[in-house]
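Below are the chains, spelled out letter by letter.
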Amino acid sequence: ETGVTQTPRHLVMGMTNKKSLKCEQHLGHNAMYWYKQSAKKPLELMFVYSLEERVENNSVPSRFSPECPNSSHLFLHLHTLQPEDSALYLCASSQDRSGGAGETQYFGPGTRLLVL
Amino acid sequence: GQNIDQPTEMTATEGAIVQINCTYQTSGFNGLFWYQQHAGEAPTFLSYNVLDGLEEKGRFSSFLSRSKGYSYLLLKELQMKDSASYLCAVPGSGAGSYQLTFGKGTKLSVIP
């Protein structure tokens, strides 16, 4: 238990569905992250929020839409996904004392997503 | 840009010692992380090195050589529960310092 929770743990959706992934951290951190982990590929950073403001500018398809209503919660809204979007989606958080550099990120257990 | 290379798979015997290597290329250096990830679970933090040398933490040690762009994770007295993927990661620098670039991971199998 790392203090970062994610729901749901598993999700199956069709390409026309809309769903949302939720992440909550209980560590008092100020930065939160979404990562995608596909088979045989390294973890890929999708989005970063610091103090509820989006930072970093990774190119992610618009069918993925993040939302950070406060420093403890992070959502990833999904719509019109493709089968190649099937992956493990991991949320992480960090303290954010120094603009991210060198700070340990603590990961949630992930949501295993399957797009049919 | 950043690039990380680590072996894809390794196998070692219970009770033995194994060394997992990682080489990296970065435009700026803000340290190097090692994470452990069991199948289907979250990556968990193992170590962070920012200075050259060996840091020991129980059965696990991590080594860094900044001049060589090289790190290794040393696991002693291997146990079956150490079977997992080990991820090497480096943060970006400047405006990209939130970015953690991960290697593909080394899948370690510990056999009896």
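Once a new chain begins, its residue numbering starts again from 1 and follows that chain's sequence as written. Each chain is given a letter, starting from A, and each ligand a number, starting from 1, according to the order in which they appear as written. Only residues with pLDDT of 70 or above have their local features reported here, since the model is predicted, and side-chain atom pairs are shown and tallied only from 80 upward, although totals for entire chains, interfaces and linings are computed over all residues. Water and hydrogen atoms were dropped before computing side-chain values, which therefore reflect all heavy atoms in the structure.

Note on conventions: DSSP H or I runs of at least 4 residues are helices, E runs of at least 2 residues are strands, and numbering of each starts at the N terminus. Helix and strand counts for chain B stand at zero helices and eleven strands. In chain B, the succession of helices and strands from N to C terminus is β-β-β-β-β-β-β-β-β-β-β. A compact globule built from 112 residues would reach a C-alpha radius of gyration of about 13 Å, and chain B, at 14 Å, matches this within 12%. Oriented by its inertia axes, the alpha-carbon framework of chain B measures out at about 45 × 30 × 20 Å. Burial here depends on accessible area, computed with a 1.4 Å probe over protein chains only, as a share of the maximum for the residue type. Under 20% is buried, over 50% is exposed, and the range in between is partly exposed. Here chain B holds 112 residues, and 47% of them are scored as buried. Within chain B, contacts between residues at least 6 apart in sequence are counted, and of these 55% link residues at least 24 apart. Roughly 5300 Å² of accessible area belongs to chain B as shown, and the carbon and sulfur atoms make up 49% of that amount. Neither His nor the chain ends contribute to the count of charged residues, in which Lys and Arg are positive and Asp and Glu negative. To locate a charge, take atom NZ for lysine, CZ for arginine, CG for aspartate or CD for glutamate. Side chains of chain B carry 8 positive and 9 negative charges; the gap between the two charge centres is 3 Å. Only C-alpha atoms enter the radius of gyration, while the globule expectation follows 2.2 Å times N to the 0.38, with N the number of residues. Only heavy atoms matter for contacts: two residues are in contact if any of them lie within 4.5 Å across the pair. Per-residue and other accessible areas were derived by the Shrake-Rupley procedure at a 1.4 Å probe size, with only the shown protein chains allowed to occlude residues.

This brings us to the sheet that holds strand 8 (residues 73–79) of chain A. Residue and element names in this part refer to chain A. Two strands make a pair as long as DSSP finds a minimum of two bridges between them. A sheet is described by the order of its strands in space; here four strands give the open sequence 1-3-8-7, paired in antiparallel fashion. Each edge of the sheet is formed by a strand with only one pairing partner; in this case those strands are strand 1 (4–7) and strand 7 (64–70). Averaged over all neighbouring strand pairs, the angle between strand axes comes to 20°, with direction disregarded. With axes taken as lines fitted to C-alpha atoms, and helix axes fitted only over the stretch in contact, angles between N-to-C directions fall between 0 and 180 degrees.

Further remarks concern the interface of chain A and chain B. A common way to state how big an interface is: give the accessible area lost once the parts meet. Listed as interface residues are 28 residues of chain A and, on the opposing side, 22 residues of chain B. As a working definition, buried area equals the accessible area (1.4 Å probe) given up by two parts on being put together, with both sides summed. Buried area between chain A and chain B, summed over both chains or domains, comes out near 1800 Å², and the portion from carbon and sulfur atoms is 57%. Put simply, a salt bridge is a Lys or Arg side-chain nitrogen that is within 4 Å of an Asp or Glu carboxyl oxygen. Summed over the shared surface of chain A and chain B, the number is zero salt bridges. Sorting the residues of the side of chain A that touches chain B by element identifies strand 4 (31–37), strand 5 (44–50) and strand 9 (87–94) of chain A as the ones contributing at least two each. Looking at the side of chain A that touches chain B element by element, the count peaks at four residues for strand 4 of chain A. Amino acids are sorted into nonpolar (Ala, Val, Leu, Ile, Met, Phe, Trp, Tyr, Cys and Pro), charged (Asp, Glu, Lys and Arg) and polar (every other residue, Gly among them). When grouped by side-chain class, the residues that make up the side of chain A that touches chain B number 13 nonpolar, ten polar and five charged.

This brings us to the state of the cysteines. As used in these notes, a disulfide is a covalent bond between sulfur atoms, one from each of two cysteines. Two cysteine sulfur atoms form a disulfide, by the criterion used here, when they sit within 2.5 Å. Under the criterion given, the structure shown has two disulfides over all chains. Residue A:Cys23 pairs covalently with A:Cys91 via a disulfide, S to S 1.9 Å. Residues A:Cys23 and A:Cys91 are joined through a disulfide that is left-handed, its torsion about the S-S bond being -75°. Of this pair, A:Cys23 sits in strand 3 (residues 18–25) while A:Cys91 sits in strand 9, and the two are 68 residues apart along the sequence. Overall, A:Cys91 belongs to the buried group, its relative accessible area being 0%. The residue that forms a disulfide with B:Cys22 is B:Cys88, at a sulfur-sulfur distance of 2.0 Å. A torsion of -70° about the S-S bond marks the disulfide between B:Cys22 and B:Cys88 as left-handed. Of this pair, B:Cys22 sits in strand 3 (residues 18–25) while B:Cys88 sits in strand 9 (residues 84–91), and the two are 66 residues apart along the sequence.

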